[in-house]
Amino acid sequence: MCMLPHREKERKQQVKSSTHKTSNTKKVFRRKLIWSVIALIGVLILGMVPVFGVNREYMANFVAKGDVFTFLDSMTGGTLSKLSMTGFAIPSYITGSIFLQLLGIVFPKIDKIRSDGEQGRRWFERLEFIVAVCLTLTYGLVLAIGFGKLGILKSYTAPNIIIAVACWTVGTVVTVAVANRITDKGIGNGISMLLGLNILSRVPNDLSSFKTSYLAGKSGKEVLIACTVFAVVVVIVTYIAMYMQCSALYIPIRQSQKEASVLNTMGQIPISAGVANVLPSIYAMTLLSFPAIIASFGKIETNGTVFGKIVDALSAQYWYKPTEWYHVAGFIVYLLFMIGLGFFGMSI
C-alpha cells in the first residue's frame, strides 16, 4: 500500500510530460505553418512584380493560342503569360528535375548522390537549384535576344535585355530557394505547395472559361445540367485522387520476429500507392508541349504541313473532340508518356 502514492506520482509526471510534449509539438507545427504561409505569400507577391521593358501582351497572345501554353501558364499561376519575375521559376525547376533524373540513368554517380541519405538529398537539391537557374538564364537570353525585336521587349536595347534576364533569373533564385526552405523548415514539399497554389489561383479563370465555353447562350435547364455534370466530375476525380494518395501497398518482409515488431506486428512495409503523384502528368504535358512552343516562337508554318499535324496531335484541345486520326494517336502518345513516366517515377 505504501507504494501506491509513489506510483500515482509517477503516473501524473508521465501524463504531464506527455501533455508538455504534445503542446510543444503543436507550437512547432503552428510556427512552421505560419512561416510556410508567409513564405508562399511572399513568392506570390514577387510573381506580381512586372519586369521592366517587357511587352506583356506579346506573351499573353501566345498563351491564348492553345491549351499547351495555358497548361504551362497554370503551373506558374499566370506569371508566364505576364512574363513577371517568377515566370520561368516552376517550368525551369521541373525541366531541370527531369533532366537530372534522366541524366542519372546515363551517369549512375548522379543517381548515387541523390540516394546517399540526407546529405545526398541536399546535394541533389543544390544540383536542381543550379540547373533551374541556368535554364532560366538560357530561356531569358533566348527570349530577350532572339525575340526582342519581334515584340517581347518594348525597346530592343542592351540595358533592357540585361534587366529582363536578370529579373527572371533573380525570380527563379528566390522562388526555388524559398521552396527548398519550406521543404526543410516548413510543413511540406515547397515546390509541390507552390505548384498547387499556382494551380488553385487559376480556378477563377478556369470557371470563367467554363462559363464562356459551355454556358453562354444556353437555357436555364441546360445550364443546370452542365453545372451538375461538371460538379459530379470534379467530386469523382477529387475522390479518386485523394483515395489513391491515401492508399498504401503493404510489402511483406522476412526477418526475425523481434525486428519485425519494430516496424509493425505484421512484418510489412507500407508503400504509398501514389508514389509518382501528379508528376507524370506534368512531365508528359511539358515534354509534349515542345513542338507547339517551337512552332509559336519560331513562327513555323503549320497549316497543312507534317509538323503542323504533329503539333495538333500533341495538343489536348483535339483529344476530346478529335476530327482526325492523328488526334487520337496524340492522345495515345500522351497516355504512353504518362504510363512510362509513372513507372520511371516509381523506380527513382
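1. Observations concerning the overall build of the chain
Consideration 1: On a plain count of helices and strands, the chain comes out with 17 helices and two strands.
Consideration 2: Within the chain, the fraction of its 348 residues that count as buried is 34%.
Consideration 3: Intrachain contacts of the chain at a sequence separation of at least 6 include 65% that bridge at least 24 residues.

2. Observations regarding the nonpolar core
Consideration 1: Within the largest apolar cluster, 47 residues are counted, with the highest numbers of intra-cluster contacts made by Met75, Leu83 and Trp168.
Consideration 2: The element that contributes the greatest number of residues to this core is helix α9 (residues 158–185), accounting for nine residues.

3. Regarding the pattern of salt bridges
Consideration 1: Going through the model one piece at a time under the given rule, you end up with one salt bridge.
Consideration 2: Of the charged contacts in the structure, one is a salt bridge between arginine 122 and aspartate 184, with a shortest N-O distance of 3.6 Å. Taken together, the residues arginine 122 in helix α7 (residues 117–146) and aspartate 184 in helix α9 connect sequence positions 62 residues apart.
Consideration 3: A residue is classified by how much of its surface remains accessible, and arginine 122, at 37% relative accessible area, is partly exposed.
Consideration 4: A residue is classified by how much of its surface remains accessible, and aspartate 184, at 27% relative accessible area, is partly exposed.

4. Remarks on a nonpolar patch on the surface
Consideration 1: A cluster of nonpolar side chains, namely Phe29, Leu33, Val37, Ile41, Ile45 and Ile187, defines an oily patch on the protein surface of about 510 Å² accessible area.
Consideration 2: With respect to the helices, strands and loops of the structure, leucine 33 is situated in helix α1 (residues 4–47).
Consideration 3: With relative accessibility at 33%, the residue leucine 33 sits in the partly exposed group.

5. Considering the side chain of threonine 172
Consideration 1: Topologically, threonine 172 is positioned in helix α9.
Consideration 2: Not counting residues up to four positions away in its chain, the partners in contact with threonine 172 are Met85, Phe88, Ala89, Ala132, Val133 and Thr136.

6. Some thoughts on the packing of aromatic side chains
Consideration 1: Scanning the model with the defined rule gives five aromatic pairs in all.
Consideration 2: Residues phenylalanine 88 and tryptophan 168 carry aromatic rings whose centres are separated by 5.3 Å and whose planes lie at 85 degrees to one another, so their mutual orientation is edge-to-face. Placement of the pair is phenylalanine 88 in the loop between α4 (79–82) and α5 (89–106) and tryptophan 168 in helix α9, with a sequence separation of 80 residues.
Consideration 3: Residue phenylalanine 88 is classed as buried on the basis of its relative accessible area of 9%.
Consideration 4: When the ring of phenylalanine 331 is compared with that of tyrosine 334, the centres are 6.5 Å apart and the planes differ by 35 degrees; the resulting orientation is tilted. Separated by three residues within a single helix, phenylalanine 331 and tyrosine 334 lie in helix α17 (residues 325–347), roughly one turn from each other.

7. A closer look at a positive patch on the surface
Consideration 1: There is a patch of like positive charges on the surface, built from Arg31, Lys32, Arg181 and Lys185.
Consideration 2: For arginine 31, the position within the fold is in helix α1.

8. Some points on the side chain of threonine 86
Consideration 1: Tracing the chain through its elements places threonine 86 in the loop between α4 and α5.
Consideration 2: Judged by relative accessible area, which is 8%, threonine 86 ranks as buried.
Consideration 3: Excluding its chain neighbours within four sequence positions, the residues that come into contact with threonine 86 are Val43, Leu46, Gly47, Thr79, Gly171 and Thr175.

9. As for unusual backbone geometry
Consideration 1: Located in the positive-phi region is leucine 83, a residue other than glycine, with phi close to 50 degrees.
Consideration 2: Counting through the fold element by element, leucine 83 comes out in the loop between α4 and α5.

10. Considerations on the environment of phenylalanine 344
Consideration 1: Assignment of secondary structure puts phenylalanine 344 in helix α17.
Consideration 2: Remark: the alpha-carbon pair of phenylalanine 344 and glutamine 101, spanning 243 residues in sequence, is separated by 9.3 Å.
Consideration 3: If sequence neighbours within four positions are ignored, phenylalanine 344 has contacts with Gln101, Leu102 and Ile105.

11. Considering the environment of serine 201
Consideration 1: Mapped onto the secondary structure, serine 201 falls in helix α10 (residues 190–201).
Consideration 2: Taking the C-alpha atoms as reference points, serine 201 and serine 74, 127 residues apart in sequence, are found 8.3 Å from one another.
Consideration 3: Of note is the side chain of serine 201, whose polar atom sits 2.5 Å from the backbone oxygen of asparagine 198.

12. Things to note about the confidence of the model for the chain
Detailed reading of the predicted coordinates is not advisable wherever pLDDT falls low.
Consideration 1: Within the chain, residue pLDDT values average 78, and 82% of them lie at 70 or more.
Consideration 2: For residues 258–265, every residue scores under 50 in pLDDT, and the model assigns this stretch nine contacts once sequence neighbours within four places are set aside.

Procedures and definitions
Residues numbered from 1 in each chain as written. Predicted model: local features only at pLDDT ≥ 70, side-chain atom pairs only at ≥ 80, totals over all residues. Heavy atoms only, no water. Helix = DSSP H or I, 4+ residues; strand = E, 2+ residues; numbered from the N terminus. Buried < 20%, exposed > 50% of the residue type's maximum accessible area, 1.4 Å probe, protein only. Contact = heavy atoms within 4.5 Å. Core = buried A, V, L, I, M, F, W, Y, C linked by side-chain atoms within 4.5 Å. Salt bridge = Lys/Arg side-chain N within 4 Å of Asp/Glu carboxyl O. Patch = residues over 30% accessible without salt bridge, like charges linked within 9 Å, V, L, I, M, F, W, Y side chains within 5 Å. Areas by Shrake-Rupley, 256 points an atom, 1.4 Å probe, with all protein chains shown as cover. Phe/Tyr/Trp six-rings, centres within 6.5 Å; stacked < 30°, edge-to-face > 60°. Lys, Arg positive; Asp, Glu negative; His and termini not counted. Charge placed at Lys NZ, Arg CZ, Asp CG, Glu CD. Polar contact = N/O pair within 3.5 Å; in protein donor to acceptor, adjacent residues only side chain to side chain. pLDDT = per-residue confidence, 0-100.

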